[in-house]
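# Observations on the model geometry
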Amino acid sequence: MVAPITGVQAAQHLKPAVLELGGKNPLIILEDADPDLAVDAAVFGAFMNSGQICMSTDRIIIHHSLVKAFIPGYVERVQALPAGDPADPATIVGPLINTRGAQRVSALVKDAAAKGATLLTGDGAIGGPNRTLIRPVVLADVTTDMDIFGSEIFGPAAVIHPVDSAEAAIDLANDTDYGLTGGVISRDLNAALDVASRVQSGIIHVNDQGIGDEPMAPFGGVKNSGYGKFGGTAGIASFTEQRWITIQHTGRPGYPF
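First, a word on what this report is: a plain description of the structure on this page.

Rules of the game
Residues numbered from 1 in each chain as written. Predicted model: local features only at pLDDT ≥ 70, side-chain atom pairs only at ≥ 80, totals over all residues. Heavy atoms only, no water. Helix = DSSP H or I, 4+ residues; strand = E, 2+ residues; numbered from the N terminus. Buried < 20%, exposed > 50% of the residue type's maximum accessible area, 1.4 Å probe, protein only. Contact = heavy atoms within 4.5 Å. Pairing = 2+ DSSP bridges. Axes fitted to C-alpha atoms, helices over the stretch in contact; angles between N-to-C directions. Parallel < 35°, antiparallel > 145°, perpendicular 65-115°, else oblique. Left-handed = near helix turned anticlockwise from the far one by under 90°. Nonpolar A, V, L, I, M, F, W, Y, C, P; charged D, E, K, R; others polar. Salt bridge = Lys/Arg side-chain N within 4 Å of Asp/Glu carboxyl O. Lys, Arg positive; Asp, Glu negative; His and termini not counted. Polar contact = N/O pair within 3.5 Å; in protein donor to acceptor, adjacent residues only side chain to side chain. Expected span 1.5 Å × (residues − 1).

### Notes on the environment of valine 105
- Counting through the fold element by element, valine 105 comes out in helix α4 (residues 99–114).
- Since its relative accessible area comes to 1%, valine 105 is described here as buried.
- Spatially, the C-alpha atoms of valine 105 and isoleucine 134 are 8.4 Å apart, while their sequence positions differ by 29 residues.
- Residues contacting valine 105, with those up to four places away along its chain left out, are Leu96, Ile134, Ile153, Phe154 and Gly155.

As structure tokens, then:
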């Protein structure tokens with residue numbers, strides 16, 4: 001809750017502030033997507049840095065016609081991710097930041113499983129020397145009554161949501177209080193751009209997942225993901241004030257009285 005408190009304090013003192021808060025980032029896989037690209041993007045997007053990135057892929061929203069081509073390969077790849085000691089260069093999924101973070105992610109997974117979600121891999125169990133390691137989790141059949149449906153995961157877990165159309169994918173992507181980043185995968189760039197333009201997020205990438213940050217690009221979200229932009233001229237504009245200066249260089253001004 002540090003960022004909201006900081007925002008209140010900045011407002012009280014009329015100080016400019018940029019708040020980057022969190023995300024519930026979708027990866028939308030349209031009907032004509034390349035399944036291999038989709039798997040690669042979804043593995044990286046969900047499990048880079050053990051899912052502890054504000055831009056991490058929480059939700060994989062995929063057209064139902066690709067489910068059979070996508071899920072087996074995705075689950076196999078996730079199961080094969082080396083998890084454990086972060087000092088080992090081969091490790092991809094290491095421990096979470098602390099025990100409390102691990103307990104929070106574990107609770108989200110176990111709540112979903114208890115309410116009927118399908119665990120395609122992983123179970124949310126906590127291990128490791130400091131009780132901070134959770135092996136990668138992939139869930140399906142997640143419904144709105146499960147805490148993981150709306151809560152930011154911020155850990156090594158992802159949820160797969162099959163949908164029947166691009167319209168349904170957009171609706172589900174926008175069914176969140178957050179709006180930071182996301183991705184759209186499609187062979188049809190016009191269709192992908194149409195979807196991207198209608199997803200409520202500050203950032204979205206076509207034919208890629210949502211993790212991407214460049215120092216010259218405006219970085220920031222909408223809704224509860226915060227306000228303002230970092231990066232490039234947008235970042236400069238967030239912390240500068242425009243001024244208006246006029247010069248009466250000939251004659252003199254006229255006044256009505």
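### Structural notes on the sheet that holds strand β10 (residues 205–206)
- Spatially, seven strands are ordered β4-β7-β8-β3-β2-β9-β10 in an open sheet, and the strand pairing comes out mixed. Of all strands in the sheet, those bounded by a partner on one side alone are β4 (118–121) and β10.
- Bridge analysis of strand β9 (residues 183–185) against β10 gives two bridges, and the strand direction is parallel. The residue of β10 that forms the bridge with valine 184 is valine 206.
- The sheet contacts of helix α2 (residues 35–47) involve β2 (25–29), β3 (57–63), β7 (137–140), β8 (157–163) and β9, and relative to β2 the element is tilted by about 175°.

### Details of the packing of α2 against helix α3 (residues 67–79)
- The interhelical angle for the contact between α2 and α3, taken along N-to-C directions, is 40°, at an axis separation of 10 Å. Comparing their axes, α3 and α2 come out oblique. In this structure, α2 meets α3 at a crossing whose hand is right-handed. Residue-level contacts link Pro35, Ala38, Val39, Asp40, Ala42, Val43, Ala46 and Phe47 of α2 to Ala69, Phe70, Gly73, Tyr74, Arg77 and Val78 of α3.
- Considering only residue class, the contact of α2 with α3 consists of eleven nonpolar, one polar and two charged.

### Overview of the pattern of salt bridges
- Applying the stated criterion across every chain, the model contains five salt bridges.
- Measuring nitrogen to oxygen at the nearest pair gives 3.0 Å for the salt bridge that ties lysine 115 to aspartate 111.
- The class of lysine 115 is partly exposed, set by a relative accessible area of 37%.
- Aspartate 111 sits in the buried class, given a relative accessible area of 17%.
- Glutamate 167 serves as the salt-bridge partner of arginine 198, at 2.7 Å between the closest nitrogen and oxygen.

### Section: the side chain of glutamate 152
- Tracing the backbone through its elements, the reader meets glutamate 152 in the loop between α5 (147–150) and β8.
- There is no salt bridge for the buried glutamate 152, and the closest opposite charge comes from arginine 104, which lies 6.2 Å off by N-O distance.
- A polar contact of 3.2 Å, which involves the side chain of glutamate 152, links it to the backbone nitrogen of glycine 23.

### Topic: the pairing of β8
- When you tally the buried positions in β8, you get six out of seven residues, the bulk of the element.
- Across five bridges, β3 lies against β8 in parallel orientation. When the bridges of β8 are listed, isoleucine 60 appears paired with isoleucine 160.
- When β7 meets β8, the two strands line up parallel, connected through three bridges. Bridged to valine 138 within β8 is alanine 158.

### Focus on α4
- For α4, with 16 residues, the first-to-last C-alpha span of 22 Å sits near the 22 Å given by 1.5 Å per residue.
- Of the residues making up α4, those classed as buried are Gly101, Ala102, Val105, Ser106, Leu108, Val109, Asp111 and Ala112.
- The secondary structure elements touched by the buried residues of α4 are β4, β5 (126–127), β6 (133–134), β7, α5 and β8.
- The residue sitting at the N-terminus of α4 and contributing the capping side-chain oxygen is asparagine 98; that oxygen lies 3.3 Å from the backbone nitrogen of arginine 100.
- A positive phi of about 110° marks glycine 116, the residue just after α4.

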